[in-house]
Amino acid sequence: MVVDNVSLDVRPEETVGLVGESGSGKTVTALAIMGLSRRPAHVAQGRIWFQGEDLRSKTESQLYRIRGSSMSMIFQSPRSSLNPLMHVGDQIDRVFRVQKGMGRKEARGKALEMLRQVSIPEPERHMRSYPHRLSGGMCQRVLVAMMVACEPRLLIADEPTTGLDVTVQAQIFELIKQVQRDHRMAMLLITHDLGVVAELCERMVVMYAGHVMETGTVDRVFEGPRHPYTQMLIKSMLRSDRKIDVAPPSKGAIEEMVYTLTACRFAPCCPDAMDICRQKKPSTTMVEKGHQVMCHLYPTK
Amino acid sequence: MDQPVLEVQGLYKHYKVDRGITVHAVNNVDFVLGPREAVGLVGESGCGKSTTARCIVRLEEVTQGRILSHGRDITAMSLHEFRPMRRSIQMVFQDPTMSLNPRLTVRQTLREPLRVHKMASSRKEMDERIEEIMSLVNLELRFVDRHPRQLSGGQRQRVGIARALITNPDLVVLDEPTSSLDMSIRIHIIDLLRRLQEQMGMTYLFISHDLSTVRSLCHRVLVMYLGRVVEMGPVGEIFDQPLHTYTQALLSAIPIPDPKAKRERIILSGEPPSLTKLPSGCGFADRCAFASESCREEEPVLYNAGNGHFVACREVATS
């Protein structure tokens with residue numbers, strides 16, 4: 001069981017950060033929300049509510065309409081998300097034709113407008129470019145353009161800037177934020193970079209080995225992380241604006257995540273592990289309003 | 001000043017890719033690395049930082065310029081003459097999975113440099129040296145007969161570091177050694193690199209696009225853009241008082257993991273010019289808010305701003 005009992009919510013116009021390291025189940029969770037889990041992965045249990053409707057009761061063709069039109073996703077490697085054999089412009093105008101039922105000419109015009117909106121230089125020329133002619137940053141702009149074209153209510157962005165340079169990352173996030181403001185869109189932002197979370201998100205969800213370890217507002221979690229794993233992450237942060245002494249935690253170098261069903265999955269690396277942690281899976285406790293932790297240190301009252 | 005460990009003088013590296021098309025990867029780079037220094041070489045993709053590093057370890061032949069190791073020009077040596085020098089100039093690569101031979105165990109991987117450089121006379125001596133280096137990089141001895149696939153990413157990178165250090169080098173070139181690692185592992189590797197430098201006293205050239213890592217590990221920083229060094233100086237100077245507009249934009253773009261941090265972000269427009277058609281004058285002029293006509297005409301030289309801080313900007317030099 002890769003992802004076990006994950007609960008999270010995203011409210012209208014809100015940005016929620018989904019944080020965790022490799023193998024924590026961030027992407028698996030996102031794909032499950034989009035209904036894109038593919039064999040052998042499947043959603044075994046649970047509900048996914050979107051705008052008051054249960055997505056798991058939808059048929060594949062109903063999901064096809066929802067994806068793109070009201071829920072969109074952008075992926076980590078922008079280049080591999082584009083069709084290498086199609087002009088960039090054709091890929092964008094197809095969105096308008098399929099999702100909005102526009103005619104060819106109208107869709108073409110809209111696609112051009114979109115490229116302009118995401119600041120692609122020489123948009124007329126780039127309409128007829130293949131993805132390999134564009135840099136990684138430009139490909140991600142094209143994907144943002146395709147996403148905006150659908151005007152979704154929810155955007156799931158899975159590490160949208162990993163592999164891009166920091167100055168390009170700053171450009172892309174500026175663009176996404178602007179789109180989000182203009183279209184009053186909610187966003188679930190998947191990242192391993194706590195800096196990105198601190199800057200863009202209002203709330204955050206910390207995952208480890210397929211469990212949600214802590215959920216809360218970004219301000220509260222950064223100020224007072226409760227879960228030993230979150231504490232470790234916050235202590236491992238380096239920052240560029242001031243010199244910090246690197247003092248790695250003495251215990252808890254994560255070499256391998258364990259996906260046990262009968263104990264706390266962080267217990268083998270946890271500096272605060274108790275006997276009960278190795279025997280029983282902790283339940284989620286509210287430590288303060290809007291701040292939840294899954295840890296035996298905070299027993300349910 | 002002590003005799004430098006490495007001097008790079010007027011380094012150029014160009015690649016002919018197609019008829020009449022040349023990629024100008026590195027253009028006139030000069031710098032000096034002193035003993036026991038950790039110097040960060042930073043910049044974004046295509047700025048020439050990795051090419052510079054590869055020239056230093058002679059994975060690439062330079063187009064023009066000299067690289068001196070303890071005063072001896074390594075670019076003038078034949079590969080045969082250079083071979084013994086490899087003992088003192090070692091490299092750690094970005095991806096520990098790609099840079100370790102999947103068919104060799106940790107022991108076999110670590111034996112290789114000892115054998116090539118004839119640093120041990122018997123198997124027993126080799127094994128003792130291997131045990132010593134493994135304990136230095138905090139790699140448990142029980143991993144010695146494992147293959148890379150049986151190790152985690154962090155452990156593999158420790159093997160990569162051990163392989164570089166087992167020959168007691170004076171200079172270690174580290175090419176993004178932490179960028180493929182998760183954040184909780186990254187901090188352990190940085191701490192390890194720092195302790196090893198204190199114990200063994202070698203020089204680091206640390207190539208990275210991750211400026212927070214550079215800030216916590218390095219003493220000095222070189223910032224590259226479009227194949228040139230645009231700014232260099234002590235780490236505190238560069239991070240707290242960057243002079244070049246590019247360095248300012250680069251630093252302002254890094255997200256700070258603190259919801260309370262206040263900052264002004266400089267969003268650069270466009271992308272760097274193509275390396276096949278270098279602009280005349282300053283390579284950053286087209287994206288710089290302060291560029292004047294003369295910036296586009298004349299290539300700026302490194303101007304000494306004091307405190308070991310140098311910047312290649314005409315506007316800073318004239319103001």
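Trainee: Lay out the overall build of chain B in plain terms, naming residues and giving numbers.
Mentor: Within chain B, the regular secondary structure consists of 11 helices and 12 strands. Computed over C-alpha atoms, the radius of gyration of chain B comes to 21 Å, within 12% of the 20 Å expected from 2.2 N^0.38 for 319 residues, which places it in the range of a compact globule. Overall, the C-alpha framework of chain B stretches about 65 × 55 × 45 Å when taken along its three principal axes. When burial is assessed residue by residue, chain B has 45% of its 319 residues classed as buried.

Trainee: Can you tell me about unusual backbone geometry, naming the residues and giving the values?
Mentor: Residues and elements named next belong to chain A. The omega torsion across Arg-39 and Pro-40 is 0 degrees, close enough to zero to call that bond cis. In this structure, Glu-159 is a non-glycine residue whose phi angle is positive, near 45 degrees. Positionally, Glu-159 belongs in the loop between strand S5 (154–158) and helix H8 (166–183).

Trainee: Describe the environment of His-188 of chain B, and please don't skip the residues or the numbers.
Mentor: For His-188 of chain B, the position within the fold is in helix H6 (residues 183–200). When the C-alpha atoms of His-188 of chain B and Gly-154 of chain B are compared, they prove to be 8.6 Å apart, with 34 residues separating the residues in sequence.

Trainee: Lay out the sheet that holds S5 of chain A with the relevant residues and their values.
Mentor: All names here are of chain A. If you walk across this open sheet you meet the 8 strands as S4-S5-S6-S1-S7-S8-S10-S9, and the pairing is mixed. Whereas interior strands pair on both sides, the edge strands pair on one side only; in this sheet they are strand S4 (71–74) and strand S9 (284–288). Going from strand to strand, the sheet's axes swing by 20 degrees on average, the running direction of each strand aside. Its contacts with the sheet place helix H7 (residues 136–150) against S4 and S5, and it is angled at close to 175 degrees to S4.

Trainee: Can you explain the packing of helix H4 (residues 88–100) of chain A against H7 of chain A? Please cite residues and give values.
Mentor: Residue and element names in this part refer to chain A. The interhelical angle for the contact between H4 and H7, taken along N-to-C directions, is 15 degrees, at an axis separation of 9 Å. One finds that H4 runs roughly parallel with respect to H7. Of the two elements, H4 crosses H7, and the hand of that crossing is right-handed. In this structure, H4 contributes Val-88, Gln-91, Ile-92, Val-95, Phe-96 and Gln-99 to the contact, and H7 contributes Val-142, Ala-145, Met-146, Ala-149 and Cys-150.

Trainee: Go over the packing of helix H5 (residues 153–165) of chain B against H6 of chain B, please, and point to the residues and values.
Mentor: All names here are of chain B. Viewed as axis vectors pointing N to C, H5 and H6 meet at an angle of 20 degrees, and their least axial separation amounts to 10 Å. Relative to H6, the element H5 lies roughly parallel. As for how H5 packs across H6, the hand of that crossing is right-handed. Contact with H5, carried on its side by Gly-153, Gly-154, Gln-157 and Leu-165, involves Ile-185, His-188, Ile-189, Leu-196 and Met-200 of H6 and no other residues of that element. In the contact of H5 with H6, the residues fall into 5 nonpolar, 4 polar and no charged.

Trainee: Give me the lowdown on the environment of Val-10 of chain A, citing residues and values where you can.
Mentor: All names here are of chain A. Within the secondary structure, Val-10 is located in the segment before strand S1 (15–19). Placed 177 residues apart in sequence, Val-10 and Met-187 show a C-alpha to C-alpha distance of 7.4 Å. When neighbours within four sequence positions are excluded, Val-10 is seen to be in contact with Val-16, Leu-154, Ala-186 and Leu-188.

Trainee: Account for the interface of chain B and chain A, naming residues and giving values.
Mentor: Facing 37 residues of chain B, the contacting portion of chain A comprises 38 residues. Only H5, H6, helix H7 (211–217) and helix H9 (245–252) of chain B provide two or more residues apiece to the side of chain B that touches chain A. For the side of chain B that touches chain A, the element with the most residues is H6 of chain B, which contributes 8 residues. Its residues assigned to classes, the side of chain B that touches chain A shows 18 nonpolar, 11 polar and 8 charged.

Cut-offs used in this document
Every chain's residues receive numbers from 1 upward, in the order its sequence appears when written. Chains and ligands are labelled sequentially in the order written, the chains with letters from A and the ligands with numbers from 1. Whole-chain, interface and lining totals are the exception, using all residues; otherwise, since this is a predicted model, local features are given only for residues with pLDDT of at least 70 and side-chain atom pairs are given and counted only at 80 or more. A run of DSSP states H or I qualifies as a helix once it reaches four residues; a run of E qualifies as a strand once it reaches two. Both are numbered from the N-terminal end. The globule rule used here is 2.2 Å times the number of residues to the 0.38 power, and the radius of gyration it is set against is calculated over C-alpha atoms. As a rule, residues whose C-beta atom has 12 or fewer other C-beta atoms within 10 Å are exposed, those with 20 or more are buried, and those in between are partly exposed; C-beta atoms are placed from the backbone. DSSP calls a pair of strands paired once it identifies at least 2 bridges connecting them. Under this scheme, a helix contributes an axis fitted over its contacting stretch, all axes are lines through C-alpha atoms, and angles between N-to-C directions fall in the 0 to 180 degree range. A pair of residues counts as a contact when their C-beta atoms, built from backbone coordinates, are within 7 Å of each other. Any angle that falls under 35 degrees is termed roughly parallel, while one over 145 is termed roughly antiparallel, one within 65 to 115 roughly perpendicular, and all others oblique. Crossing handedness: left-handed means the near helix sits turned counterclockwise from the far one by under a right angle, and right-handed means the same turn made clockwise. When residues are sorted by character, Ala, Val, Leu, Ile, Met, Phe, Trp, Tyr, Cys and Pro go into the nonpolar class, Asp, Glu, Lys and Arg into the charged class, and all the rest, Gly among them, into the polar class.

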